Amino acid sequence: MSKTYELSCDCGHVTMTASGEPKLSLHCHCSSCRDLYNVDVLSATGWAHENVDLPDESKLFVHKTDGKQMTRYGCPKCGLMMYGVHKPGIPVIPHGVFRKANDGELPDELAPTLHLFYRERVLDIDDDLEKCDDGSAVGLSG
Ligand SMILES: [Zn+2]
Ligand SMILES: [Zn+2]
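Analysis parameters
- Residue numbers run consecutively from 1 along every chain, following the written order of its sequence.
- Labels are handed out in written order, letters beginning with A for the chains and numbers beginning with 1 for the ligands.
- Thresholds applied to this predicted model are a pLDDT of at least 70 for local features of residues and 80 or more for the giving and counting of side-chain atom pairs; totals over whole chains, interfaces and linings are not thresholded and use all residues.
- Only hydrogens and water are removed before side-chain values are computed, so all heavy atoms of the structure are retained for them.
- UniProt positions are given in the numbering used here, feature names are shortened, and annotations may be inferred rather than shown by experiment.
- Working definition: helices are DSSP H or I runs of at least four residues, strands are E runs of at least two. Numbering for both runs from the N terminus.
- Here the globule rule reads 2.2 Å times residues to the power 0.38, and the radius of gyration is calculated from C-alpha atoms.
- Only protein chains enter the area calculation, which uses a 1.4 Å probe; residues under 20% of their type maximum are buried, those over 50% are exposed, and those in between are partly exposed.
- The criterion used for residue contact is that any of the two residues' heavy atoms lie within 4.5 Å.
- His is not counted here, nor are the chain ends, while Lys and Arg score as positive and Asp and Glu score as negative.
- Charge placement uses NZ in Lys and CZ in Arg. For Asp and Glu, CG and CD serve respectively.
- In the sections that follow, a salt bridge refers to a side-chain nitrogen of Lys or Arg positioned within 4 Å of a carboxyl oxygen of Asp or Glu.
- Because water is not among the atoms used, a metal site may look incomplete, as its donors are only the N, O and S atoms within 2.8 Å, or 3.2 Å for Na, K and Ca.
- Geometry is assigned from donor-metal-donor angles: four donors are tetrahedral when every angle falls between 85 and 135 degrees, four are square planar and six octahedral when opposite donors sit over 155 degrees apart with all other angles between 65 and 115, and any other arrangement is irregular.
- For this analysis, a ring pair means two rings from Phe, Tyr or Trp (six-membered ring only for Trp) whose centres lie within 6.5 Å, classed as stacked if their planes differ by under 30 degrees, edge-to-face if by over 60, and tilted for the remaining angles.
- Counting as a charge over the ring demands two things of the Lys NZ or Arg CZ atom: a distance within 6 Å of the ring centre and an angle within 35 degrees of the ring normal.
- By this definition, two strands are paired if DSSP reports at least two bridges between them.

Going by the annotation in an unreviewed UniProt entry, the name recorded for the chain is Glutathione-dependent formaldehyde-activating enzyme protein, with Salinisphaera shabanensis E1L3A given as the source organism. Quoted verbatim from the Sequence similarities (unreviewed entry) field of UniProt, the annotation for the chain is "Belongs to the Gfa family."

In structure tokens form, the structure reads like this:
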């Protein structure tokens, strides 16, 4: 029943899998995500630890942000960001990593359901998804 996503960086050095359903899929506008990933909006999925098989840390570059309790992990060879671990401690995998594994498309079942921390945005988004001012809708304090 449960679906398994085989994920890889651009050069194939780093592989990992996610299976079943993510805990959440969303667009996050918070300043921490923008800093961590160097993007205007982070579009990503969050997973329970038991649903992901993460690569050995020795294969990855690991960067912790100052004081923010966030860490990003990527491939040291091709530089692709594979996932991050954020304040609640769950692995967060950007939608782009799934797109690369699925001919450029985000699998339908991973479609984002809302925008978080929309009041911190630097980019306005005109779509039909719910816009949450903060992270309380999914139990995040920001
Ligand atoms: Zn790579
Ligand atoms: Zn965020």
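Student: Tell me what's going on with the overall build of the chain, and back it up with residues and numbers.
Tutor: The helix and strand tally for the chain stands at 2 helices and 11 strands. Along the chain direction, N to C, the helices and strands of the chain fall in the order β-β-β-α-β-β-β-β-β-β-α-β-β. Here the chain has a C-alpha radius of gyration of 14 Å; the compact-globule value for 142 residues is 14 Å, and the two agree. For the C-alpha atoms alone, the extent of the chain along its principal axes is close to 40 × 40 × 25 Å. Put simply, the chain has 142 residues, and 44% of those count as buried. Taking the intrachain contacts of the chain between residues at least 6 apart in sequence as the baseline, contacts between residues at least 24 apart amount to 53%. In the chain, which carries 14 positive and 22 negative side-chain charges, the distance between the mean positions of the two groups comes to 6 Å.

Student: Break down the pattern of salt bridges for me, with residues and values.
Tutor: Note on pairing: side chains with opposite charge can pair once their charged atoms come close. Counted according to the given criterion, the structure contains 4 salt bridges. For Lys100, the salt bridge goes to Asp10, with nearest N and O atoms at 2.9 Å. Of the two residues, Lys100 is situated in helix α2 (residues 95-100) and Asp10 in the loop between β1 (4-8) and β2 (15-19); the sequence distance between them amounts to 90 residues. One salt bridge in this structure joins Lys131 and Asp127, with 2.8 Å as the shortest N-O distance. By relative accessible area, which is 28% here, Lys131 ends up partly exposed. Residue classification places Asp127 among the partly exposed positions, given a relative accessible area of 27%.

Student: Could you give an account of the coordination of the zinc ion (ligand 1), with specific residues and numbers?
Tutor: Taken together, the protein ligands of the zinc ion (ligand 1) are Cys9 (SG), Cys11 (SG), Cys75 (SG) and Cys78 (SG), with distances of 2.3 Å. If you look at the zinc ion (ligand 1), its 4 donor atoms make angles of 106 to 118° with each other, and the shape they trace is tetrahedral. Positions of the donor residues of the zinc ion (ligand 1), expressed as sequence spacing, correspond to C-x1-C-x63-C-x2-C. Assessed through its relative accessible area of 5%, Cys9 is described here as buried. A residue is classified by how much of its surface remains accessible, and Cys11, at 42% relative accessible area, is partly exposed.

Student: So what about the packing of aromatic side chains? Which residues, and what values?
Tutor: Here the structure, examined in full by the defined rule, presents 4 aromatic pairs. Where Tyr73 meets Tyr83, the ring centres are 4.5 Å apart and the plane angle is 10°; that geometry is what we call stacked. Separated by 10 residues along the polypeptide, Tyr73 in strand β7 (residues 71-74) and Tyr83 in strand β8 (residues 81-85) bring together distant segments of the chain. Classification of Tyr73 as buried rests on a relative accessible area of 7%. Within the aromatic cluster, the residues linked to one another by ring pairs are Tyr5, Trp47 and Phe98. Its guanidinium or amino end placed over the ring of Tyr118, Lys131 lies 5.8 Å from that ring's centre, counting from NZ or CZ.

Student: Break down the coordination of the zinc ion (ligand 2) for me, citing the residues and quoting the values.
Tutor: For the zinc ion (ligand 2), the full set of protein donor atoms is Cys28 (SG), Cys30 (SG) and Cys33 (SG), and the range of their distances to it is 2.1 to 2.2 Å. Read in sequence order, the donor residues for the zinc ion (ligand 2) give the motif C-x1-C-x2-C. Accessibility assignment for this pair places Cys30 and Cys33 in one class, buried.

Student: Quick rundown of the pairing of β2? Include the residues and the values.
Tutor: Here β2 shows one buried face, formed by Met16 and Ala18, and one open face, formed by Thr15, Thr17 and Ser19. The pairing of β1 with β2 spans 5 bridges and is classified as antiparallel. Directly across from Glu6, in β2, lies its bridge partner Thr17. Joining the antiparallel neighbours β1 and β2 is a turn of 6 residues, in which Gly12 adopts a positive phi near 90°. Here β2 pairs with strand β5 (residues 52-53) via 2 bridges, running antiparallel. Across the sheet, the residue bridging to Thr17 is Asp53, located in β5.

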